[in-house]
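Commentary on secondary and tertiary structure
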Amino acid sequence: MPHLRVEDTGAVFDLRADVTTVGRGSGVDISLDDPSVSLLHAELVCRGAHLYVADLGLSRNGTRVNGRPIGRRVLTDGDVIAFGVARTRLGGLTSPQAGDQTVELRRVSAPDLTRREVEVLTALCRPALRQDAFVAPAAAREIADELVVTEAAVKQHLLRLYQKFRIPEGVNRRARLANEVVSAGVVRPLPTDDAGVRQAG
């Protein structure tokens, strides 16, 4: 059974659910009493034999795996995951058998992403995640306005993301990228009160 051990307290949390939320708030699965941890900080997501951590982009202090800041990363046994400065260690994760869970592996094998790349993808997909019917993903200008960066910077991030997700050139490239990251579970709908969490975090 994969589990997370908090280094400061020695508390151990079994990762039984498909999605385990981590934060400082009362409604999360793993509550860390540390001021550097946001109310809703990150998620640990199980996909078959694989496990990844996703920083939700709501935290001021970010998430690190083995000292490196991440937006989303597939985990291996023994990884040290820091939510803000609260350090935890992953244990009990078995390596998948070769050829096993090939469909799940394809779904979870999306590349490791920086925190900014996750923010760009979240902004890109936000229109689709908030509507029942399919709508076009956000334009580069809309993403730039939301993240308070230049449109040129967003376009550079998108170019890198097209390469990482192997989205070939052609029509509807942004829509194909958005569809790929949503189907891979990289970006998921945030709670409806995410604005309040963003301020409180």
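The structure under discussion appears in the preceding block.
Anyway, here's the lowdown on the structure attached to this text.

Conventions adopted
Residues numbered from 1 in each chain as written. Predicted model: local features only at pLDDT ≥ 70, side-chain atom pairs only at ≥ 80, totals over all residues. Heavy atoms only, no water. Buried < 20%, exposed > 50% of the residue type's maximum accessible area, 1.4 Å probe, protein only. Helix = DSSP H or I, 4+ residues; strand = E, 2+ residues; numbered from the N terminus. Arc of directions from axis to C-beta. Axes fitted to C-alpha atoms, helices over the stretch in contact; angles between N-to-C directions. Parallel < 35°, antiparallel > 145°, perpendicular 65-115°, else oblique. Left-handed = near helix turned anticlockwise from the far one by under 90°. Contact = heavy atoms within 4.5 Å. Nonpolar A, V, L, I, M, F, W, Y, C, P; charged D, E, K, R; others polar. Expected span 1.5 Å × (residues − 1). Pairing = 2+ DSSP bridges.

Here the focus is helix H5 (residues 173–183). Every buried residue belonging to H5 is among Arg173, Leu177, Ala178 and Val181, and all of these are buried. Angular distribution of buried residues about the axis of H5 spans 135°; they occupy a single face of the element. Of the residues trailing H5, glycine 185 is marked for its positive phi of about 80°.

Moving on: the packing of helix H3 (residues 140–147) against helix H4 (residues 151–164). Look at H3 against H4: their axes get within 8 Å of each other, and the N-to-C directions meet at 110°. By the angle between their directions, the pair H3 and H4 is classed as roughly perpendicular. Here the hand of the crossing between H3 and H4 comes out right-handed. Here H3 contributes Ala140, Arg141, Ile143 and Ala144 to the contact with H4, which in turn contributes Glu151, Val154 and Lys155. Considering only residue class, the contact of H3 with H4 consists of four nonpolar, no polar and three charged.

Given a rise of 1.5 Å per residue, 14 residues ought to cover 20 Å, and the 20 Å separating the end C-alpha atoms of H4 matches this to within 8%. Residues of H4 that are buried: Val154, His157, Leu158, Leu161 and Tyr162. Projected onto a plane normal to the axis of H4, the buried residues spread over an arc of 140° and lie on a single side. Opposite the buried face of H4, at more than 90 degrees from it, the exposed residues are Ala152 and Gln163.

With that out of the way, let us pick up the pairing of strand S6 (residues 50–55). For S6, a buried count of six out of six residues is recorded, marking the element as mostly surrounded by other parts of the structure. Residues of S6 alternate between two faces, with His50, Tyr52 and Ala54 on one and Leu51, Val53 and Asp55 on the opposite face, all of them buried. Taken together, the six bridges between strand S5 (residues 42–47) and S6 define a ladder with antiparallel strand orientation. Following the sheet pairing, cysteine 46 is matched in S6 by leucine 51. Taken together, S5 and the strand that follows it, S6, pair antiparallel across an intervening segment of two residues, in which glycine 48 is found at a positive phi of about 65°.

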